[in-house]
Amino acid sequence: MKKINSIKIFYNGLVLVAMFLSKAFAGIATPCGQAEGDTETNCWSCGSDCTARYDSASNTLTFSGKKTEEIYGNSGYQSPWLTDMPTRNLSKIVFSEGMESITGCFSGYTGLSAQEVSLPSTLKDISGSIFSRLSTPNLVIPETVEKITGNIFYGSHVQRVVIPENTRIYSPWVQGDIEFFYWPSGEVYCSIHSKCGNNALLYEKDGDNYVLYNKDGSIKKVFGSWEDLALNLNVISGSYAQKDENGKVLATYDGNGRILSKYLYDTDGSISIYNANGKLIGLQGKRILSVEEATALVKNNKNTFKIKYR
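Quick caveat: nothing in here was measured; it's all calculated off a predicted structure.

Enquirer: How should the sheet that holds strand β5 (residues 101-103) be read in this particular structure?
Expert: Sheet strands pair by backbone hydrogen bonding; their relative direction is either parallel or antiparallel. Read from one edge of the open sheet, four strands run β5-β7-β10-β13, paired in parallel fashion. The open sheet has two edge strands with one neighbour each: β5 and β13 (168-170). Along the sheet, successive strands turn relative to each other by an average axial angle of 15°, direction set aside. In this structure, strand β10 (residues 147-149) lies alongside β13, joined through three bridges in parallel fashion. Directly across from Lys147, in β13, lies its bridge partner Arg168.

This is the structure:
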């Protein structure tokens, strides 16, 4: 029994050591020339602890290390992976786990296009013209990102960007929060508590739901989780109740922002409920009905109703 316990302890110790080492060495880049298949046209330094590698089999550009830096190639302003890589139309761009800060990777007069851009859960800081002239359908900033500095979307063609609630936007020249100087060509989703500017579509968390608004303040979509909002996945299947600051229901919506019902509050404390077409469909807290109200509430569109006297 003691021998078995010793083996278990030894095994568990190995597991803990492996977990520690994986975290300790996360973000340490393998320099070019030290990995199989490295050449001058598929591997480049992107900083003192950063390596960029292109894999032709998966058509993927991967940045590994802890921090990217502004690197200029032989053509001047453009980074070497923009000039030396055999293609600018990628399937995927990956910033590996362990990376904490990224800047300037796509600076240049000719950018990249990618069907997917993956940012790590360890990312804290984004700055410079990091996404300059980049084209991609969807870009989700991780919730771990504390700040965005500079003109990161200069000339970019990102179709959809999602900014987390706690991410702040700064300028190198202005102290405090600012709006974006340059906007991508697509939509920007930003929390109602952030300062992204008037061009953004705002969202807020309400209970378990995430409510996305149009620029006129009407509800655009209602999502059931952050992941659904970030990746533009499934809207809620049920209904969402919009309430005022006192908790009174103002209206209900489906997941695609269509009004299901509106609530009007009378001075006598009663509540009248109407459908999207303005038809009365319910009354709460009202003992005496008018003929018009009783007629409206008759089921199956009948034109008769009964009045009881007490």
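Enquirer: How should the state of the cysteines be read in this particular structure?
Expert: Simply put, the disulfide is a covalent bond whose two ends are the sulfur atoms of two cysteines. Taken as a whole and judged by the stated rule, the model has two disulfides. Paired through a disulfide, Cys32 and Cys43 show a sulfur-sulfur distance of 2.1 Å. Classification of the bridge connecting Cys32 and Cys43 rests on its S-S torsion, roughly -95°, and on that basis the disulfide is left-handed. With Cys32 in the loop between α1 (2-24) and β1 (43-47) and Cys43 in strand β1, this pair connects stretches of sequence that are 11 residues apart. Its relative accessible area of 6% is what places Cys43 among the buried residues. Note on cysteine connectivity: Cys46 is disulfide-linked to Cys50, with sulfurs 1.9 Å apart. A torsion of -85° about the S-S bond marks the disulfide between Cys46 and Cys50 as left-handed.

Analysis parameters
Residues numbered from 1 in each chain as written. Predicted model: local features only at pLDDT ≥ 70, side-chain atom pairs only at ≥ 80, totals over all residues. Heavy atoms only, no water. Pairing = 2+ DSSP bridges. Helix = DSSP H or I, 4+ residues; strand = E, 2+ residues; numbered from the N terminus. Axes fitted to C-alpha atoms, helices over the stretch in contact; angles between N-to-C directions. Disulfide = S-S within 2.5 Å. Buried < 20%, exposed > 50% of the residue type's maximum accessible area, 1.4 Å probe, protein only.

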